[in-house]
Amino acid sequence: MRRYPRGRSFSTTVSLGGDDFSMCAHVRAQWAAPGQVKIALSCWVVNKDTARYLGGSPPAVEEMRLPPEGTAHWDEELTSRVIGHLAARMNALSATAATSDGHLTITVPLVLT
């Protein structure tokens, strides 16, 4: 967050998985107020085995990205569980709120070490 000026957001997509599936998460972070950061999260799972067996090839790169660059669809239940865990671990200052683009958000204190 130190590298991003106030008002500008940081955004990235991360994935974790193996041969069977990948769990993907799109994360945005933006300054909310002095000492506070708003985190937006959207999660989904890409099943690699189904694509391999039924389609004869691994999933396309687009399945690992949300629209407009990709074709992934967020999993609201998974996202809710993950953001709930983050809220507890990061001492969230706000309740979870939904955005219009398939993300759930929380505001957390920014602890610079």
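In this numbering scheme, every chain counts its residues from 1 along its sequence in written order. Whole-chain, interface and lining totals are the exception, using all residues; otherwise, since this is a predicted model, local features are given only for residues with pLDDT of at least 70 and side-chain atom pairs are given and counted only at 80 or more. Excluded from the side-chain calculation are hydrogens and water; included are all heavy atoms of the structure.

### Focus: unusual backbone geometry
As a rule of thumb, non-glycine residues mostly have phi less than zero, and peptide bonds are mostly trans rather than cis.
Move 1: Residue Pro68 is reached from Pro67 by a cis peptide bond, and omega for that bond is 15°.
Move 2: Residue placement: Pro68 occurs in the loop between helix H1 (48-55) and helix H2 (76-89).
Move 3: Not every positive phi belongs to a glycine, and Asn91 is a case in point at roughly 55°.
Move 4: Locating Asn91 in the fold gives a position in the loop between H2 and strand E4 (97-98). By the criteria applied, helices consist of DSSP H or I runs no shorter than four residues and strands consist of E runs no shorter than two, each listed in order from the N terminus.

### Considerations on the nonpolar core
Across soluble globular proteins, nonpolar side chains show a tendency to be buried alongside one another.
Move 1: Among the buried residues, those of types Ala, Val, Leu, Ile, Met, Phe, Trp, Tyr and Cys that are joined through side-chain atoms within 4.5 Å form a nonpolar core. A simple rule labels every residue: compare its accessible area, found with a 1.4 Å probe on the protein chains alone, to the largest value its type can have, and call it buried under 20%, exposed over 50%, or partly exposed in between. By size, the foremost hydrophobic cluster in this structure holds 12 residues: Ala25, Ala29, Val37, Ile39, Leu41, Cys43, Leu78, Ile83, Ala87, Leu104, Ile106 and Val108.
Move 2: Among the secondary structure elements, those contributing two or more residues to this core are strand E2 (21-33), strand E3 (36-47), H2 and strand E5 (104-109).
Move 3: In terms of residue count, the dominant contributor to this core is E3 (4 residues).
Move 4: Ignoring any residue separated from it by four or fewer positions in sequence, one finds Ala25 in contact with Thr12, Thr13, Val14, Leu41, Ser42, Cys43 and Trp44.
Move 5: Counting 5 residues, the second-largest nonpolar core is a separate cluster that includes Cys24, Trp44, Val46 and Leu66. Throughout, a residue-residue contact means that at least one pair of heavy atoms, one from each residue, lies within 4.5 Å.

### Considerations on the pairing of E5
Move 1: Of all 6 residues making up E5, 5 are buried, and the element is well covered by its neighbours.
Move 2: As paired strands, E4 and E5 are joined by 2 bridges and run antiparallel to one another. Bridge pairing in E5 links Ala98 to Leu104.
Move 3: Hairpin connection, E4 to E5: the antiparallel pair is bridged by 5 residues, and Gly102 has positive phi, about 75°. In this description, strands pair whenever DSSP reports at least two bridges between them.

### What to know about the pattern of salt bridges
Move 1: Salt bridges are counted wherever a side-chain nitrogen of Lys or Arg sits within 4 Å of a carboxyl oxygen of Asp or Glu. Under the counting rule described, the total for this entry stands at 2 salt bridges.
Move 2: The salt bridge involving Arg28 is made with Asp101; its shortest N-O contact spans 2.8 Å. Note that Arg28 is positioned in strand E2 and Asp101 in the loop between E4 and E5, a separation of 73 residues in sequence.
Move 3: Overall, Asp101 belongs to the partly exposed group, its relative accessible area being 39%.
Move 4: Where Arg81 meets Glu77, a salt bridge forms, and the shortest distance between an N and an O atom there is 3.2 Å. Taken together, the residues span about one helical turn, with Arg81 and Glu77 both in helix H2 at a distance of 4 residues.

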